[in-house]
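Observations on the model geometry
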Amino acid sequence: MAACVAVIAKENYPLFIKTIPTENELKFYYTVHTSLDVVEEKISSLGKNANDLRELYLGLLYPTEDYKVYGYVTNTRVKFVVVVDSSNASLRDNEIRTMFKKLHNAYVDMLCNPFYKPGDNITSKSFDNIVVGMLQQD
Amino acid sequence: MAAQVIDYSQTAEDHRSLLVLVRHTGPHLHAECFNRIYERISCIKSVRVQGQNREICVRFRRSYSVEANSWGEFQSHRKVLGSITVGKCSDHAQFAELFASYSRHKEEYAASVINSRLVAFGLNSDGSALQKDEVEPPENASVHAADDQEQAKRPCDSGSSESVLAVPVDSEKQQSDSKFQQTLSGTRLSPVPSSLSLSPSPSLHSSLPSSTSPSPQAESKEQPSSPAANSRRHSFNSQDNNNKSKPAANGVATTPSGSKSPNTSRTSASPYVSRSNPDKTQSRQAANLPKESGASEIVFYPSLDACSDIEERIRDFITSLYFVLEGKRLDRSFERNEKSMPLCAPFEKKDFVGVDTEAKSFKKKCQGRLRKHLGDLCLQAATPGDAVLHYNTALDILRQVNDFLWMAGCVEGLCCASIILSAPRRPPSAGLKRNLSFQTVRGLPAADSRIRTGSTYTNGLDVVPDPVSQPILNIEDVVEKYKEAIQYYAKVKAAAMIELEASLKACRFLITHRKCLQASDFLQNAVYISFLAQEEDKVQRNITLSSLYNQIGFKRKAAFFRRVAGMHCVSPDTTPSWSQCYELLLQCLGGYGLNVDPKDVRRDRASGWPVLQYRVLHELIYSARRISNPHIAVRHMSLLVDLMLPHLSTSDQRETLSGLSSLTAKCMGSPQPIVLGSGLVLPPVPLLSLPIVRSFRLLAPSPHLEPTKLPDQTGTGGGTSGVFLYKPSSLATKRTDLSKPDFKWTCGDVCEASLQLTNPLADELKVFYMGLMTSDLETEILPANPNIPADLEPMNIKLKVKPKAAGTLKILGYTTVVFGVKSNCRLRDLRELRPSPLTEIQVEVIPPLPTLTLSCSLPKATTFSTLGSTGVNNDIVASGSAALFAVHEAISWSQENIQAQLPLEPGHQLCFSLQLRGNSDFLVPAPETPARTPMSHSSRSRSDTDDGNKEKSLEAVLTLQYSGGGGLAAGYCRQCSLALNLDTLPSVYVSNWTVQHTYSAGHCRLCLDLTNHCGHQMDIHYGGQDKTTSLGPLQTRSRQLRLKVELE
C-alpha cells in the first residue's frame, strides 16, 4: 500500500523512515526530504490563525512520476509523511486519512513509553510492526 | 553561450518586448570590448516613443537559435525583429569583410528581421579610416551599401519608419510578412508607399557639406513629393503630424516642418552616418536615389570610448522597429479575409499541405490565428488593452475548431496582457512629452489642438492610454487561465517547450505575488514535461527550476534540482563538465543543512538527514577529484570526516578514513583557506574530533623552576595584596578562570599543557604530530605524536612549548596532523571541552631566569616524610641524609665563603660546605632519667626518639633563592631547596649523676656515669684540658668533675 512511511521531528530531522523496496531507500529519503518544503509552506500559511483548530491532515503534498506524497502534522509539529504508489488508484483520500490516524495513534503509544526521550530515533518494535503493517497491507 | 531553444528566463512581461539580436562579428573586435558594448546596449530596457504614450520594451540577446525564431509566428515576441552587428575594422578591406558577415547575419534571420544595424569601430565617424585619407572609406561604404541595398532593402535611417515600410514594396524578398506586404502594395491602404521615396531622401540628400542644419533642406526636398501621398488619406493627417508616427508620410505632407523634423533631425544630427564625403558620394547617391538606404544601416565609431551616442542610436533603431510593428498591427486590423494560409507553428507547416482551403474550419483557423497574432502585436506595440480584445475574439473563433495550440496561445496571451495591465506602470511624464512635441512643431500650435479632436481608436495612435474598460483578470483568474493554457499546450506534444516556458512564466508571476504553493504546482508541472533535449538543456532546466524553488523558499527542492543539474553535467553521453558539476553541487549544500565552513553547520541533531548529507558530500568530493584539484577534494573530505564521523558506522568510518588517507597521500591537507575560481572561499576544516580533546589545561612549571617575586626592595611591601589579607572577589575568580592561570612561565624554559584525549574511532588513532598553537610570542613548539588506543578511555598527554620571548603568550589551541590533514584546532571551536569552551589562554612569560642544579655530597635521603608530602615546600631538588653523632650545634655554613664565590657564572659551580652536627643533650631518654634536682633544666628532654630507639632524626630544608639576568631585572627569582635528613646517633649518655660535697664550701663534685653508646672508642676530655679518659663501646665509667658552685 504505502511505499514509504516517515516520521519527522519538529526540527525536521528524521525520527523514523521505513520503505518497502529497501533497495531504493535513498530515493525515498530525497522524496521525503524535499516534501518538507511543502509541509513547511503549508504550516506557515495556516499558522497565521493559530487559534483555530488546525486540520492535521495536510493532504497531497506533491505528486512525483510514480508516487504521491501525503503529509500530516501533529499539534507538536511532528510530521508524518507517507509516500504512496500513484498507480494504486484504489487509495482514496479517506484511506490516507485513516492511515495517518493509525500512525498518529501508534506514535502516541510509542511516546507513552517512559524510557523514550522525545526527539530520539524511534526504535520501538510495536511501532515498527504497525508501520510494516501499513506498508504491506494488501 | 550556446543558443538554446528554450528560454528559461522568460517572464510574462516579455510578451510585450521586441527581440533584438546583438552579435559580435569579425576577428578584430575583442570579446571584452563587445561585452562592454553589449552591456551598454542592453541597459536599454524600454524606449518611449516620442509624442505617444507608448513605452516599447526591448530584449537584447546575444544569440538566438533559428529554431526558436521559427516559433515567432506563433508568439511574435519570439521573433528576432532587429539585428545589430558589432565589429571592428581598420581599413576598407576589413570593412568589406565586416559588411559581408553583417549581410550573412541578416540573411540568417531574414524571415523575421525588420531592421538591422552594423556598428563598426575603428573608422572615423564619417567612415574614413583613422588618420588616413578620408576619400576612400566613405566611397567604399556607400558602394557596399549600394550593393547591399539590393538584397537588404528594408533597413533605413534611424527612426524613419516610413522608409522601413517602404522596403517591402520594392524588395523582392518576401519574408514572413508577405501577406502584409501584399496588402501594402496591393491595396495601397496605407499611405506608406508615398513616402518611400521620401524618407531616404531627407537623410541622403541632406548629405550636406556640414550636417548642422539639415532639416530645412530635407524638408524642402520632401515637400514637392509629399502632396501625392497626402491626398490619399486625410484621416491620418490630423494626429500623425503631431504624433510623428508611423505613417509619417502624411505628417510630412501636412506639416512638413513639424512632423518630419524629429526624424530628419535625428538622422542628420547624428553625424556618424556614413555620408561625410559629400562631394563624392552625392553624385552616387543622387544616382541611386531614392533607394539608397544601406549606408544608413552602418554606424561608424572611431573607438569604444568615442561612442557616447550609441544608446541614442539604438533607441532610434528600436523606435523604427516599433513603427513597423505598429504599421503591421494597424494594417492587419483592416483586412483579414484574404488569407490563403494560416499562420502556423513550425511543426504545423506540413499539416496544411493539401488541406481544403475552402473548408469552414480552415477559414476559422486562419481567422482565429490571425486575430491571435494581432493580439501579440498589440502587446508589443504597448496596447495591452487591445490585445485582450483580440485574444478574446481569437479564442472564441478557435474554440469552434478545437485548435488547441493556438487556443493556449490566446489564453496565455490573455494572462500576459492582464499581468502587463495590472503591473504598476510609471506615470507617463505627459507634460514633458508635450513640451517636446511643442518644440518640434515649430510655429504650428494649431496642430496640437487637432491631435485631440482627431484622435480615433482605429489607428491606435491615440494619446489616451489603453481603454480601461477591459476587465483585467485578477491573480486567481490569471492562475486559472495559465492552468488552462498549460492544459491545452499539454495536448500538443510538439509544443512541450512552449508549455515549459508557460509554466515558468506562471511561476514567476506567482512568485511576485508570493503565492508559493501555487507557484510550486506550476514548477512541479514543469518538472514532468518531457521532451527531447540536450544534456546542456537539461542542466539549464534544472538550474532554472532550482533557482525558482529557491525563490519560493523551497530550499530543499532547490537543492535537489541543483544536484540533479550537477548530475546531468556529467552524464555519460555528453562531454562531462566536472567543474560545472562541482559548482552546482557546491550550491546545493545549503539545502541539506551543510556548508563549506564547518562552523556554520549545526551539529545538533536538528540538522538531521545524515544519510543525504553523506551522499551529497561524497558526490561533491568525487566531482572535486575529477576537476583534478586535490586540495579541494581533501578539503571537502575533511569536512565529510569532521561532520559525519558521529553518524557513520564502523565500516563506513574505515572506508571514509582510508579515502581521506589516499587523498592526502597525494596532497596534504592544509589549514589555509582555499579560494575557488568563483570567488568562494573554502575555509579550513580542522579535524576537531580526531582526537576529541576533553580537557585542556596549562601546567605550572615545577616548583623549583617556578618564578617567585623577589621581596620588594623599595620597602613598600605588601605589593598587590593591599591592606586586606582576604579578598572574596579575587578568590572567587581565581578558581574558575582557566584562561588566565595564576602562574607564570619563564622564557626559555620548556612549558607544558596537559590534554585529555579520547579516540572516537574503532581503531587505534595515530596522531602524527600534535603541538600547541600559540600567538603573540615567538615560541619553539615541541610536538608529541601520541597513539591513542581504540577504547574510549581518555588518555592524558602533555604538549610542550618553549617560549622565546617575554610578554603575554596566547595559547590558541593545538595543531595536529592526522591522516595527512594538518588542522589548526582552536580552543574556541572545541565543543567537547570541559569546562565551557575557552577562547584562548593567556599566560605571562617572564624574562629568562637562571637555573641552578643543586647537589649534595651526602647520599640521597630515602625517606623524607614530613615536609615533602605536605606540599608546603615542594621545591626540593636534592636531598641528603647523614647519620651524625650527637654533638652540639646542628647546621652552619660560612657566609663569607659563599659571598666570595658570587656572582656565579654560567656553567660554573658554587661549592660551599655545610657543617652538620648532631644535636643532642646527652641524656638517657626520658623515662630512665631520674630527676634528681628540680633545677635541672636538662631533665626535660626534647628528644624525638621513640621509645626504645635511641636515635634522633632531624629533617632540615635548606632553601636557596637565586636570580639573575632579565628575570632579576623583572624582579623574579627562583628557589630550590635541599632536604636534609639527619639522624643523630647517640654518642655518650650520662646515665647517672650525683653531686658530691667537697670540703670546700665553694665547690662540689659532680660524679657522672658516662656510657659510650657508639661503636667506637671515644676519648673524653673533662675537667679542663688535662684529664682524658678513653671509653670503649658500650663502656660505662664514672668520672668526677669538680664544679665550683657558688652559693650565697
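Residues numbered from 1 in each chain as written. Chains lettered and ligands numbered in written order. Predicted model: local features only at pLDDT ≥ 70, side-chain atom pairs only at ≥ 80, totals over all residues. Heavy atoms only, no water.

An unreviewed UniProt entry lists chain B under the name Trafficking protein particle complex subunit 9, with Elysia marginata given as the organism. Under the Sequence similarities (unreviewed entry) heading, UniProt states for chain B: "Belongs to the NIBP family." Checking UniProt for chain B, the heading Subcellular location (unreviewed entry) contains the comment "Golgi apparatus". (UniProt positions renumbered as here; feature names shortened; annotations may be inferred.)

As recorded in an unreviewed UniProt entry, chain A goes by Trafficking protein particle complex subunit 2-like protein and comes from Elysia marginata. Per UniProt, the comment on chain A under Sequence similarities (unreviewed entry) is "Belongs to the TRAPP small subunits family. Sedlin subfamily." Listed in UniProt under the heading Subcellular location (unreviewed entry), the comment for chain A reads: "Cytoplasm, Perinuclear region".

Focus on the overall build of chain B
Across its full length, chain B carries 32 helices and 31 strands. When the 1048 residues of chain B are sorted by exposure, 52% land in the buried category. Here chain B displays about 47300 Å² of accessible surface, and carbon together with sulfur accounts for 52% of that area. (Helix = DSSP H or I, 4+ residues; strand = E, 2+ residues; numbered from the N terminus. Buried < 20%, exposed > 50% of the residue type's maximum accessible area, 1.4 Å probe, protein only. Areas by Shrake-Rupley, 256 points an atom, 1.4 Å probe, with all protein chains shown as cover.)

What about helix 1 (residues 31-42) of chain B?
All names here are of chain B. With twelve residues, helix 1 extends 16 Å between its outermost C-alpha atoms, agreeing within 8% with the 16 Å of an ideal straight helix rising 1.5 Å per residue. Restricting attention to buried positions, one finds in helix 1 the residues Phe 34, Ile 37, Tyr 38, Ile 41 and Ser 42. Here the buried residues of helix 1 occupy an arc of 125° about the axis, which is enough to place them on one side. (Expected span 1.5 Å × (residues − 1). Arc of directions from axis to C-beta.)

Observations regarding the interface of chain A and chain B
With 24 residues of chain A at the interface, the matching set in chain B holds 22 residues. A combined buried area of about 2200 Å² lies between chain A and chain B, and 67% of that area is made up of carbon and sulfur atoms. Ranking the residues of chain A by area buried against chain B places A:Tyr30, A:His33 and A:Asp37 at the top, with a combined share of 33%. Here chain A and chain B share two salt bridges between them. Across the pair A:Glu40 and B:Arg556 runs a salt bridge whose closest N-O atoms are separated by 3.5 Å. Summed over the shared surface of chain A and chain B, the result is seven residue pairs in polar contact (both at pLDDT 80 or more). Elements with a minimum of two residues in the side of chain A that touches chain B: strand 2 (14-19), helix 1 (25-46) and strand 3 (57-63) of chain A. (Contact = heavy atoms within 4.5 Å. Buried area = accessible area lost by both parts, 1.4 Å probe. Salt bridge = Lys/Arg side-chain N within 4 Å of Asp/Glu carboxyl O. Polar contact = N/O pair within 3.5 Å; in protein donor to acceptor, adjacent residues only side chain to side chain.)

Observations regarding the packing of helix 17 (residues 404-422) of chain B against helix 20 (residues 475-491) of chain B
All names here are of chain B. Their axes nearest at 8 Å, the elements helix 17 and helix 20 cross at an angle of 155°. What the angle tells us is that helix 17 and helix 20 run roughly antiparallel. Two packed elements cross with a definite hand, and for helix 17 against helix 20 that hand is left-handed. Contacts between helix 17 and helix 20 involve Phe 404, Leu 405, Met 407, Ala 408, Gly 409, Val 411, Glu 412, Leu 414, Cys 415, Cys 416, Ser 418 and Ile 419 on the former and, on the latter, Val 478, Lys 481, Tyr 482, Glu 484, Ala 485, Tyr 488, Tyr 489 and Lys 491. Looking at side-chain class alone, the contact of helix 17 with helix 20 contains 14 nonpolar, two polar and four charged residues. (Axes fitted to C-alpha atoms, helices over the stretch in contact; angles between N-to-C directions. Parallel < 35°, antiparallel > 145°, perpendicular 65-115°, else oblique. Left-handed = near helix turned anticlockwise from the far one by under 90°. Nonpolar A, V, L, I, M, F, W, Y, C, P; charged D, E, K, R; others polar.)

Focus on the confidence of the model for chain B
All names here are of chain B. Chain-level statistics for chain B give a pLDDT mean of 69 and a share of 64% at 70 or above. Here residues 866-872 scores under 50 on pLDDT; set against residues more than four positions off or in separate chains, the count is three contacts. Under the prediction, the complex receives an ipTM of 0.89, its pTM being 0.68. (pLDDT = per-residue confidence, 0-100.)

Remarks on the packing of aromatic side chains
Under the defined criterion, the tally for this structure stands at 24 aromatic pairs over all chains. Taking 6.0 Å as the distance between ring centres and 15° as the angle between the ring planes, the aromatic pair formed by B:Tyr549 and B:Phe554 counts as stacked. For B:Tyr549, a relative accessible area of 0% translates into the label buried. Judged by its relative accessible area of 0%, B:Phe554 is buried. Taking the centre distance of 5.5 Å and the plane angle of 85° together, the rings of B:Phe560 and B:Phe561 count as edge-to-face. Accessibility expressed as a relative area gives 23% for B:Phe560, which makes it partly exposed. Three or more aromatic residues link up through ring pairs in this structure, and these residues are A:Tyr30, B:Tyr549, B:Phe554, B:Phe560, B:Phe561 and B:Tyr592. Here the basic side chain of B:Lys372 rests over the ring of B:Phe74, its NZ or CZ set 4.8 Å away from the ring centre. The ring of A:Tyr62 is capped by B:Lys557, whose NZ or CZ atom sits 3.3 Å from the centre of that ring. (Phe/Tyr/Trp six-rings, centres within 6.5 Å; stacked < 30°, edge-to-face > 60°. Lys NZ or Arg CZ within 6 Å of the ring centre and 35° of its normal.)

Quick look at the packing of helix 25 (residues 578-588) of chain B against helix 26 (residues 610-626) of chain B
Residues and elements named next belong to chain B. Axis separation between helix 25 and helix 26 bottoms out at 9 Å; the angle between their running directions is 150°. With respect to their mutual orientation, helix 25 and helix 26 come out roughly antiparallel. Regarding helix 25 and helix 26, the two cross each other, and that crossing is left-handed. Every residue of helix 26 that contacts helix 25 at Trp 578, Cys 581, Tyr 582, Leu 585, Leu 586 and Cys 588 is listed here: Val 616, Glu 619, Leu 620, Tyr 622, Ser 623, Ala 624 and Arg 626. Grouping the constituent residues of the contact of helix 25 with helix 26 by class yields ten nonpolar, one polar and two charged.

Section: the layout of surface pockets
Residue and element names in this part refer to chain B. Taken as a whole, the largest pocket encloses approximately 1200 Å³ of empty space. As for the largest pocket, its lining consists of 37 residues, and the residues nearest its centre are Leu 852, Leu 854, Leu 910, Phe 912 and Leu 960. Counting only elements with at least two residues in the lining of the largest pocket, the list comes to helix 31 (895-901), strand 23 (914-916), strand 25 (952-962) and strand 26 (972-985). Here the lining of the largest pocket gets five residues from one element, more than from any other, and that element is strand 25. (1 Å grid on protein atoms, 1.4 Å probe; cavity = no way out; pocket = protein on both sides within 12 Å on 5 of 7 lines; lining within 4 Å. Points joined across faces, edges and corners; volume = space filled by probe spheres on them.)

Focus on the sheet that holds strand 2 of chain A
All names here are of chain A. Read across the sheet, five strands follow the order 2-1-5-4-3 without closing on themselves; strand pairing throughout is antiparallel. Edge positions in the open sheet fall to strand 2 and strand 3, since each of these has one partner strand only. On average, each strand axis in the sheet is inclined to that of its neighbour by 15°, with strand direction left out of account. Of the strand pairs in this sheet, strand 3 and strand 4 (residues 67-73) are connected by five bridges, and their pairing is antiparallel. (Pairing = 2+ DSSP bridges.)

Some thoughts on the pairing of strand 1 (residues 17-24) of chain B
Residue and element names in this part refer to chain B. Where burial is concerned, most of strand 1 is hidden: seven out of the eight residues are buried. As paired elements, strand 1 and strand 3 (residues 55-61) share five bridges and run parallel to each other. What sits directly across from Leu 21, in strand 3, is Arg 61. With six bridges connecting them, strand 1 and strand 4 (residues 80-88) associate as parallel partners. By the bridge assignment, Leu 21 is partnered in strand 4 with Ser 83.

Notes on the sheet that holds strand 9 (residues 692-698) of chain B
Strands pair in a sheet through their backbones, by hydrogen bonds, and they do so in one of two ways: parallel or antiparallel. Residues and elements named next belong to chain B. Strand order in the open sheet formed by four strands is 9-12-17-15, with antiparallel pairing between adjacent strands. Only two strands of the sheet have a single neighbouring strand rather than two, namely strand 9 and strand 15 (779-782). Taken pair by pair, the neighbouring strands of this sheet meet at an average axis angle of 25°, ignoring direction. As judged from the four bridges shared by strand 15 and strand 17 (residues 795-803), these two strands associate in the antiparallel manner. What sits directly across from Thr 779, in strand 17, is Pro 803.

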